[in-house]
Structures are given as C-alpha cells and as structure tokens.
Amino acid sequence: MTKHMMLPLKNMFLLTVGMMLLVLYFVWASQGTEVARRFAHQENVFMCHISYEDARGKKSKGLPKIYFVTPTYPRREQAAELTRLGQTLMHVHDIHWIVADDNRSCNAMVAKLLRKFGIPFTHIASPMPEVYRKANIVPRGVANRRAALAWIRKNARDGVIYFGDDDNTFDLKLFEEIRDTKKVSMFPVGLIGDYAVSSPILKEGKVMGFFDSWPSKRKFPVDMAGFAVNVQFLLNHPNATMPYKAGYEEDQFLRSLGLTLDDIEPKADSCTQVLVWHTQTSKKVSPTIKIESELDTSLKDLLEEITALGMAHVSSSTGVKSYITKDGNPKTL
C-alpha cells in the first residue's frame, strides 16, 4: 500500500476516534447534568431519634392517637417557640409529636428540648432540596411535612394527622375535636390573611364554600392549620403528596386525597369558633372586612366571634373586599 493510500485511511481513523470521543463527552456531560439536577431536587432525610415513651405520667386513655407534625427551622426564636408549643402539647393525651427540622444534621438543641417535655416524639432532620431555596417564593416546610408523612406511612396504621407550626397557638379543645376525624375535618384558623380568619362556610350543616382572602383558584382555600386527616384515609391514597408549590401546598395535598366538599367534617361548633391561631412575632393591625350582603350561613356567627375577640371588624361600607369561594370561583359578599 502506497503512502498516498495510507494518508486518507489515517485521517479517517483519526476522524472516527475524534467523533467517538466527542460522543462520549456529550454522554458524560448529559449524565453530569442529570446527576446535578437530581442532586438539586434530592430529599435527604435523617432520622435523629424516636421515643415512644410517655414520661409525663399520663396513661393512655385509648383515644385515637394524634400525630402532630411540626416543621421547624434554625432561627433565634426556634427554642422559644418550640418550648411554648411543647408546653401546650404536654397537656394532650395519646399524642405523638413529629418534629421535622430544616437542617442538614440533627440539632442537639432540638433533641434536648423534645426529651424535656416527656412527650412521645420523632425527631427528623429534613433539609429543603437546594433547588427550592432559590425560588422566588420559597415553599417553606414542605420537605419537613413530606418527611413526616413518609414516616407516618411506615409507622402508623390508625389515628389522626395534624400539621401544627411551632409559631401557632392552640386551644386544647382543638385536640378533642379532631380525634374522631374519619376522612378530613376542617375548622377556622384565626389571624391569617386580610380577613383575619380562614374557614369553611356551612349551610344546613354542610360545607358550601370557603372564606379566605386569597382564593387564587384553589378548590380548597384553607390554611395548613385548618384541617386534620385520618391516617387510614391517607394510607388508602398511596399517591397523595404535598407539592413544592408555595401557596398551593394545602389545596393540592387535599386534592391528591380525592377529597370532595361532602367528605369534609366541620368542627369547632360548625366552624363558628376559632381554636387555632396563626400567630407570628410581627404585629398587624386588625382589619375591617367589608360585607354588604345579609349572611345566612355559619360565617355570620364566625365573624361575630372574631369581632368579639378583637381580631377584626365588619362593615357594610368600608374595608377589605370579601368573597366566598366555591370550586375555585370567588363570589363577592
């Protein structure tokens, strides 16, 4: 074979090798991008401690167990707010407190606090996936609640799930009310939104809509503290989950349970009493809610209740425009 014939073959060989290297590079790069994407979305859950011992000297009354889920995160007020909440839960029989911390490791301070209360508890470290920390509106607490739900699916067969933030305030009567939840119970939450309350609205004992200042096309415009879920009902819906979508966590979680208005079990004296408050360290002026129409639903009594508590005022001529929401459609009051 002459040198002239070998030269094209050599060039073809080098071209083939070069093309193969280029293909390998793109395959490696795409895999690297996929690995990076998966890492950014990865949920890392660390089981810190589980205690089934009730050191409060409270014997079980054989009541349905309440799985009280609290998402928390490191901050100046964390110990103070967990202490306040823990001392409320110390009065509640047959409860298991699940505290899920937005932390990359198990926080010794949180662990020490939980042991001090003597309440049966599960302590989880469940940091938010990195990709969501960069969102315009951060979906806080979702990773923590998802981790708690996963733990409940593995460790519980009956009882009631309730999502209680560490800065909320709870009337002890609430725990009595939610224990017999068959599917999903709902009730008013005070000190939230422009109306100072978020609640289902009842007519003739049935939920016919919702009173919430941010309907935003949500089928269930409720606060996270405004409902409880039966454990067995959750287990019957293995695909039910809470999305990383700020503002829509409650609505889409309840939708994933296949919930209908007829399924909802109203509590708190037909949704006319406030037994949980969305308290925060910052202060807001109590709003005036504008309602021009005559009310013939549970909302009338609820508004009288929050007015008496000094949470809000009602006026027919001035104030924040108000709506009833049904199936995502708001109707002016």
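It should be noted that the structure appears before, not after, this text.
Given the structure is predicted, the values throughout are model-derived calculations rather than measurements.

Student: When you look at the overall build of the protein chain in this model, what are you seeing that I'm missing?
Tutor: In terms of regular secondary structure, the protein chain is built from ten helices and 18 strands. In the protein chain, buried positions account for 48% of the 333 residues. For the protein chain, long-range pairs separated by at least 24 residues make up 77% of all intrachain contacts whose partners lie at least 6 apart in sequence. Accessible area of the protein chain: about 17400 Å², with a carbon and sulfur share of 55%.

Student: Help me understand the nonpolar core in this model?
Tutor: In a soluble, globular protein the nonpolar side chains are often hidden away together inside. Ranked by size, the top nonpolar core spans 40 residues in total, and within it I152, M186, F227, F253 and L254 carry the most contacts. Residue contributions to this core peak at seven residues, all from helix 5 (residues 142-155). Membership of the second largest hydrophobic core comes to 29 residues, among which are V92, L113, I119 and F121.

Student: Would you explain helix 5 in this entry?
Tutor: For the α-helix, the turn length of 3.6 residues means that residues three or four positions removed from each other point alike. Look at helix 5: 20 Å from first C-alpha to last across 14 residues, which is about the 20 Å you get at 1.5 Å a residue. Inspection of helix 5 places V142, A143, N144, R145, A147, A148, L149, W151 and I152 among the buried residues, and these make up the whole buried set.

Student: Would you explain the packing of aromatic side chains in this entry?
Tutor: Two measures describe an aromatic ring pair: the distance that separates the ring centres and the angle between the ring planes. Enumeration according to the criterion identifies 15 aromatic pairs in this entry. Plain terms: the ring middles of F68 and F175 are 5.9 Å apart, the flat faces sit at 40° to each other, and that makes the pair tilted. One end of the pair, F68, is in strand 2 (residues 66-72); the other, F175, is in helix 6 (residues 173-178), and 107 residues separate them in sequence. By relative accessible area, which is 2% here, F175 ends up buried. Taking 6.2 Å as the distance between ring centres and 85° as the angle between the ring planes, the aromatic pair formed by F210 and F220 counts as edge-to-face. You can see F210 sitting in strand 10 (residues 206-211) and its partner F220 sitting in the loop between strand 10 and strand 11 (227-230), a full ten residues away along the chain. For the residue pair F210 and F220, the accessibility class agrees, reading buried in each case. Residue placement shows R75 over the ring face of Y73; its charged tip is 4.2 Å from the ring centre. Sitting over the ring of Y248, K245 keeps its end group 4.7 Å from the ring centre.

About the thresholds
- Residues numbered from 1 in each chain as written.
- Predicted model: local features only at pLDDT ≥ 70, side-chain atom pairs only at ≥ 80, totals over all residues.
- Heavy atoms only, no water.
- Helix = DSSP H or I, 4+ residues; strand = E, 2+ residues; numbered from the N terminus.
- Buried < 20%, exposed > 50% of the residue type's maximum accessible area, 1.4 Å probe, protein only.
- Contact = heavy atoms within 4.5 Å.
- Areas by Shrake-Rupley, 256 points an atom, 1.4 Å probe, with all protein chains shown as cover.
- Core = buried A, V, L, I, M, F, W, Y, C linked by side-chain atoms within 4.5 Å.
- Expected span 1.5 Å × (residues − 1).
- Phe/Tyr/Trp six-rings, centres within 6.5 Å; stacked < 30°, edge-to-face > 60°.
- Lys NZ or Arg CZ within 6 Å of the ring centre and 35° of its normal.

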